[in-house]
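Each chain is listed here by its residues.
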Amino acid sequence: MLPMDKIYYLASCDTCRKIIKSLPKEHDFKFHDIKQDPITLEELEQMRELAGSYEALFSKKAQLYKSMDLKNKSLTEDDYKKYILEHYTFLSRPVFIIKDKIYIGNSQQNMHQVNLALAHV
């Protein structure tokens, strides 16, 4: 049996809720609320392997990114990893893993790719 497709999201995020509502109902996803159930190092490693870097998974839109003045620091891959594991808000969301491919964030283009992937299941 294939591993189940997964969505890492934030239940309190309106954008995530809207995106989840728009998904095809017949598709069976495993939902992972990153606030209630923080991502593990193993899960983050799997995402990094699919994404190519921790930076690709890192949200520079997060309030904490601004309040901690991280934009004025030179962050390394280890920094991105540390911040994502420390606080859920640093994970760019939602993150979809569909058939061992990763789709990160809520951009229109990304959601188009997610819908294309779901159409070919």
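What comes next is a walk through the structure.

As for the nonpolar core
Stage number 1. In this structure, Met47, Phe58, Leu91 and Phe96 are the most contacted members of the largest nonpolar core, which totals 35 residues.
Stage number 2. When contributions to this core are tallied by element, the ones reaching two or more residues are β1 (5-9), α1 (14-22), α2 (41-51), α4 (77-86), β3 (95-98), β4 (101-104) and α5 (108-119).
Stage number 3. What Leu91 contacts, discounting residues up to four positions off in sequence, is Tyr8, Ile34, Ile39, Met47, Leu57, Ser59 and Ile84.

Some remarks on the layout of surface pockets
Stage number 1. Looking at the largest pocket, its volume works out to about 300 Å³.
Stage number 2. Ser59, Lys61, Ser92, Arg93 and Asn106 are the residues nearest the centre of the largest pocket, which is lined by 15 residues in total.
Stage number 3. By residue class, the composition of the lining of the largest pocket is five nonpolar, seven polar and three charged.

Remarks on the state of the cysteines
Stage number 1. If you walk through the whole model with that rule in mind, you get zero disulfides.
Stage number 2. The cysteine Cys13 is free of any disulfide, with Cys16 supplying the nearest cysteine sulfur at 3.5 Å.
Stage number 3. Cys13 sits in the buried class, given a relative accessible area of 16%.
Stage number 4. A relative accessible area of 1% means that Cys16 is categorised as buried.

Looking at the pairing of β1
Stage number 1. Along β1, five of the five residues are buried, which leaves the element largely enclosed by surrounding structure.
Stage number 2. Residues Asp5, Ile7 and Tyr9 point to one face of β1 and Lys6 and Tyr8 to the other, with burial holding for every one of them.
Stage number 3. For β1 and strand β2 (residues 29-33), the ladder comprises five bridges, and the chain directions are parallel. Residue Lys6 lies in a different strand from β2, and its bridge partner there is Lys30.

Looking at the sheet that holds β2
Stage number 1. Across the sheet, which stays open at both edges, the four strands sit in the order β2-β1-β3-β4 with mixed pairing between neighbours. The sheet is open, and its two edges are formed by β2 and β4, each paired on a single side. Between one strand and the next, the sheet's axes are offset by a mean angle of 15°, whatever the strand orientation.
Stage number 2. With four bridges joining them, β3 and β4 adopt antiparallel strand pairing. Residue Val95 lies in a different strand from β4, and its bridge partner there is Ile104.

What counts and what doesn't
Residues numbered from 1 in each chain as written. Predicted model: local features only at pLDDT ≥ 70, side-chain atom pairs only at ≥ 80, totals over all residues. Heavy atoms only, no water. Core = buried A, V, L, I, M, F, W, Y, C linked by side-chain atoms within 4.5 Å. Buried < 20%, exposed > 50% of the residue type's maximum accessible area, 1.4 Å probe, protein only. Helix = DSSP H or I, 4+ residues; strand = E, 2+ residues; numbered from the N terminus. Contact = heavy atoms within 4.5 Å. 1 Å grid on protein atoms, 1.4 Å probe; cavity = no way out; pocket = protein on both sides within 12 Å on 5 of 7 lines; lining within 4 Å. Points joined across faces, edges and corners; volume = space filled by probe spheres on them. Nonpolar A, V, L, I, M, F, W, Y, C, P; charged D, E, K, R; others polar. Disulfide = S-S within 2.5 Å. Pairing = 2+ DSSP bridges. Axes fitted to C-alpha atoms, helices over the stretch in contact; angles between N-to-C directions.

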